[in-house]
Amino acid sequence: MLIDKLDFKLVNIECMPTSTKFNAIIELEVDIGDLLPYLATVIRGCTYIHGTGELNYMDRGHIIAIRSKQITVTALVDEAEARQLCQELKNMINQVDQQRGSITPTLRKQARLDPLTVYRELPQTNCGECGEVTCMAFAARVVSRELRANGCKFLLDNEYSSQRERLWQKLKQAEYEVN
Ligand code: SF4
């Protein structure tokens, strides 16, 4: 087993003093730098540029950054949530380490999707029909894989066919499901 346990400390989000959420910092006892290209293959939609020593992805609203000897996780509600995520991360890392012989490492730059890129292709009317207050909020949840882009029913109208085609293409490039 590569990682036996993950210890974390919770810190306040300094740039948002009124926030009730925390970030977790996990210092690793072992260097997992050479595992990053394998994790980049397994974690769908992550951002990884080979050689930078850092991999980022979004999971259920958390931004997770994995580095050689440190992992950070944003927007945690409490210690219990942090502990649960640490357990999941530990299991994933150990599993990828065990299976690395059968995984093709990622040695290239993967396409990255951000909320603004999605927002640009939306109707931008903030109508709220998708259940989100604004189109930007909807875009952020599409990027974090909480919602699918076809949750905006107006995108399916002929009026928005060119925006839809562009967005579908960008989603596919970044390895998102579009239907
Ligand atoms: S339904 Fe579409 S246009 Fe309306 S708020 Fe949601 S994303 Fe924006």
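Residues numbered from 1 in each chain as written. Predicted model: local features only at pLDDT ≥ 70, side-chain atom pairs only at ≥ 80, totals over all residues.

Enquirer: Is there a simple way to think about the sheet that holds strand β3 (residues 47-48) in this case?
Expert: Strand pairing in a sheet is mediated by backbone hydrogen bonds. Such pairs are either parallel or antiparallel. Read across the sheet, six strands follow the order β1-β2-β6-β5-β4-β3 without closing on themselves; strand pairing throughout is antiparallel. Edge positions in the sheet fall to β1 (8-12) and β3, since each of these pairs with one other strand and no more. Direction of pairing for β3 relative to strand β4 (residues 54-59): antiparallel, over a ladder of two bridges. Directly across from T47, in β4, lies its bridge partner N56. (Pairing = 2+ DSSP bridges. Helix = DSSP H or I, 4+ residues; strand = E, 2+ residues; numbered from the N terminus.)

Enquirer: Help me understand the nonpolar core, please; the structure alone is not making it clear to me.
Expert: The nonpolar side chains of soluble globular proteins are, as a tendency, buried together. By size, the foremost hydrophobic cluster in this structure holds 42 residues, and its most contacted members are L36, L39, L55, V118 and A139. Among the elements that take part in this core, helix α4 (residues 135-143) stands out by supplying six residues, more than any other. With residues near it in sequence (within four places) discarded, L36 still touches Y48, G53, L55 and I66. (Core = buried A, V, L, I, M, F, W, Y, C linked by C-beta atoms within 7 Å. Buried ≥ 20, exposed ≤ 12 C-beta atoms within 10 Å, placed from the backbone. Contact = placed C-beta atoms within 7 Å.)

Enquirer: Got a minute to help me understand the site of the ligand in this structure?
Expert: In the neighbourhood of the ligand, 13 residues make up the surrounding shell, with C127, C130, C135, F138 and C152 lying closest. Here the residues of the shell around the ligand are counted per class, giving eight nonpolar, three polar and two charged. (Near = placed C-beta within 6 Å. Nonpolar A, V, L, I, M, F, W, Y, C, P; charged D, E, K, R; others polar.)

Enquirer: Could you clarify how one ought to interpret the domain arrangement of the protein in this entry?
Expert: Often the size quoted for an interface is simply the accessible area lost on bringing the parts together. On domain assignment, one finds that the protein holds domain 1 (8-102) and domain 2 (115-173). Here domain 1 and domain 2 have C-alpha centroids that lie 27 Å from each other. Contacts between the two partners involve four residues from domain 1 and, on the opposite side, four residues from domain 2. Of the residues belonging to the side of domain 1 that touches domain 2, the class tally is one nonpolar, two polar and one charged. (Domains from an automatic or database assignment.)

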